[in-house]
Amino acid sequence: MTDLSRDEAVARVEDLVATVEDDRMPVPVREIWVFGDVALGLDPVERLDVYLTKDILIGDESDDTDPDDLALGVEGIGETVRADWAAEHPEHVRTNSNGYAAPEKCLGAHLVDDDEPVHLEVCNASFDDNVTQRLEGALARETYENILDPRGACLWVDGQRSEDAFQKLRAGEFVLPTLSGALEMLGADPDVAEEAADAVRAYREAQDGATVRGDVV
């Protein structure tokens with residue numbers, strides 16, 4: 001799939017939010033943010049960057065679905081992802097390198113087609129908290145590609161859609177700094193902020209199709 005026009009990108013975000021609102025998800029989703037090109041008002045949008053805050057599943061409430069009855073050959077059903085979701089959407093079940101059901105990959109498979117220029121960041125922490133945590137870790141280890149672009153807009157929280165945020169997104173009205181400037185505001189030295197911004201851009205440009213990155217804070 002080629003770049004998205006701005007209108008197409010915003011419409012795609014609206015569809016994604018509606019899917020989270022209407023469908024049973026593999027894990028509960030609490031927040032949906034966008035960041036990067038679409039938040040900056042660019043047209044076209046090379047990649048659509050979306051951040052999901054999810055809950056960690058502690059005891060699956062779908063007691064009427066026995067994971068052993070699903071015969072999917074995947075560990076963690078009913079522990080890391082909902083058993084009833086897996087029963088309804090076996091085609092979207094994805095695992096990590098250890099063969100356990102991976103919530104972030106399951107969310108990605110449910111929400112995004114493989115060939116879409118969409119990147120999902122999935123974490124149990126809110127966007128603002130994870131921006132800070134990831135920046136601190138990346139600066140300490142000089143792994144700048146792991147930085148989360150802090151220039152984001154919150155569109156949906158706990159079932160409530162922000163129509164004001166969507167209106168600003170459609171109109172390109174969010175006023176946001178350059179990436180290096182945003183990193184400086186968060187405490188990075190100017191030279192480091194420039195280098196880190198270059199690393200984030202290089203990481204992003206190397207992506208193709210739908211991608212998912214998950215972490216736990």
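Each value, and the rule that gives it
- Residues numbered from 1 in each chain as written.
- Predicted model: local features only at pLDDT ≥ 70, side-chain atom pairs only at ≥ 80, totals over all residues.
- Heavy atoms only, no water.
- Phe/Tyr/Trp six-rings, centres within 6.5 Å; stacked < 30°, edge-to-face > 60°.
- Helix = DSSP H or I, 4+ residues; strand = E, 2+ residues; numbered from the N terminus.
- Core = buried A, V, L, I, M, F, W, Y, C linked by side-chain atoms within 4.5 Å.
- Buried < 20%, exposed > 50% of the residue type's maximum accessible area, 1.4 Å probe, protein only.
- Contact = heavy atoms within 4.5 Å.
- Pairing = 2+ DSSP bridges.
- Axes fitted to C-alpha atoms, helices over the stretch in contact; angles between N-to-C directions.
- Expected span 1.5 Å × (residues − 1).
- Parallel < 35°, antiparallel > 145°, perpendicular 65-115°, else oblique.
- Nonpolar A, V, L, I, M, F, W, Y, C, P; charged D, E, K, R; others polar.
- Salt bridge = Lys/Arg side-chain N within 4 Å of Asp/Glu carboxyl O.
- Patch = residues over 30% accessible without salt bridge, like charges linked within 9 Å, V, L, I, M, F, W, Y side chains within 5 Å.
- Areas by Shrake-Rupley, 256 points an atom, 1.4 Å probe, with all protein chains shown as cover.
- Lys, Arg positive; Asp, Glu negative; His and termini not counted.
- Charge placed at Lys NZ, Arg CZ, Asp CG, Glu CD.

Engineer: Provide a residue-level description of the packing of aromatic side chains, including the pertinent values.
Structural biologist: All told, the structure shown has 3 aromatic pairs when counted by the stated rule. Ring centres of Trp33 and Phe127 lie 4.6 Å apart, and the angle between their planes is 20°; this geometry places the pair in the stacked category. Pair noted here: Trp33 is in strand 1 (residues 29-35) and Phe127 is in helix 5 (residues 127-141), with a separation of 94 residues, a long-range link. For the ring pair Tyr51 and Phe127, a centre distance of 5.2 Å and an interplane angle of 80° mean the geometry is edge-to-face. Within this pair, whereas Tyr51 is found in strand 2 (residues 48-54), its partner Phe127 is found in helix 5, the two being separated by 76 residues in sequence.

Engineer: Which residues make up the nonpolar core, and what values go with them?
Structural biologist: One finds Leu16, Ile32, Leu52, Leu111 and Leu120 to be the most contacted residues of the largest nonpolar core, which totals 30 residues. Residue assignment for this core shows that the elements contributing at least two residues are helix 1 (6-22), strand 1, strand 2, helix 4 (103-111), strand 3 (118-123), strand 4 (152-157) and helix 6 (163-171). When residues no more than four places from it in sequence are discounted, the contact partners of Ile32 are Leu16, Val17, Val20, Val50, Tyr51, Leu52, Ala153, Cys154, Leu155 and Trp156. By size, the runner-up hydrophobic cluster in this structure holds 11 residues, among which are Leu135, Tyr144, Ile147 and Ala196.

Engineer: Pulling in residues and values, what's your account of the sheet that holds strand 5 (residues 160-161)?
Structural biologist: Taken in spatial order, the 6 strands make up an open sheet running 5-4-1-2-3-6, and their pairing is mixed. Unpaired on one side and paired on the other, strand 5 and strand 6 (211-215) mark the two borders of the sheet. Relative to strand 4, strand 1 is paired through 5 bridges, and the arrangement is antiparallel. From the neighbouring strand, Ile32 faces strand 4, where its bridge partner is Trp156. Lying on the sheet, helix 6 is in contact with strand 1, strand 4 and strand 5; it crosses strand 4 at an angle near 140°.

Engineer: Tell me about helix 5, residues and numbers included.
Structural biologist: Here helix 5 spans 21 Å end to end across 15 residues, near enough to the 21 Å set by a 1.5 Å rise per residue. Within helix 5 the residues assigned to the buried category are Phe127, Asn130, Val131, Arg134, Leu135, Gly137 and Ala138. Those residues of helix 5 that are buried are in contact with strand 1, strand 2, strand 3, strand 4, helix 7 (179-185) and strand 6. The positive-phi residue at the C-terminal boundary of helix 5 is Glu142, with phi of around 55°.

Engineer: Account for the packing of helix 1 against helix 6, with residues named and values stated.
Structural biologist: Interaxial distance between helix 1 and helix 6 falls to 9 Å at its minimum, and their mutual angle equals 155°. As far as their axial angle goes, helix 6 and helix 1 are roughly antiparallel. Judged by residue contacts, Arg6, Val10, Val13, Glu14 and Val17 of helix 1 engage Phe166, Leu169 and Arg170 from helix 6. Residues of the contact of helix 1 with helix 6, tallied by class, amount to 5 nonpolar, no polar and 3 charged.

Engineer: Can you explain the environment of Ala206? Please cite residues and give values.
Structural biologist: Take Ala206: it is sitting in the loop between helix 8 (190-205) and strand 6. Relative accessible area serves as the criterion here: at 66%, Ala206 is assigned to the exposed category. Residues Ala206 and His89 lie 117 residues apart in sequence; the distance between their C-alpha atoms is 30 Å.

Engineer: Quick rundown of the pattern of salt bridges? Include the residues and the values.
Structural biologist: According to the stated counting rule, one finds 13 salt bridges in the structure shown. Between Arg30 and Asp55 there is a salt bridge, and its shortest N-O distance comes to 2.3 Å. Of this pair, Arg30 sits in strand 1 while Asp55 sits in the loop between strand 2 and helix 3 (83-88), and the two are 25 residues apart along the sequence. Look at Arg30 and you get partly exposed, because its relative accessible area is 25%.

Engineer: Now, about a negative patch on the surface: what can you tell me, with residues and values included?
Structural biologist: On the surface, a cluster of negative charge is contributed by Glu142, Glu184, Asp189, Asp191, Glu194 and Glu195. Looking at the negative patch element by element, the count peaks at 3 residues for helix 8. Along the chain, Glu142 turns up in the loop between helix 5 and strand 4. With a relative accessible area of 59%, Glu142 lands in the exposed category.

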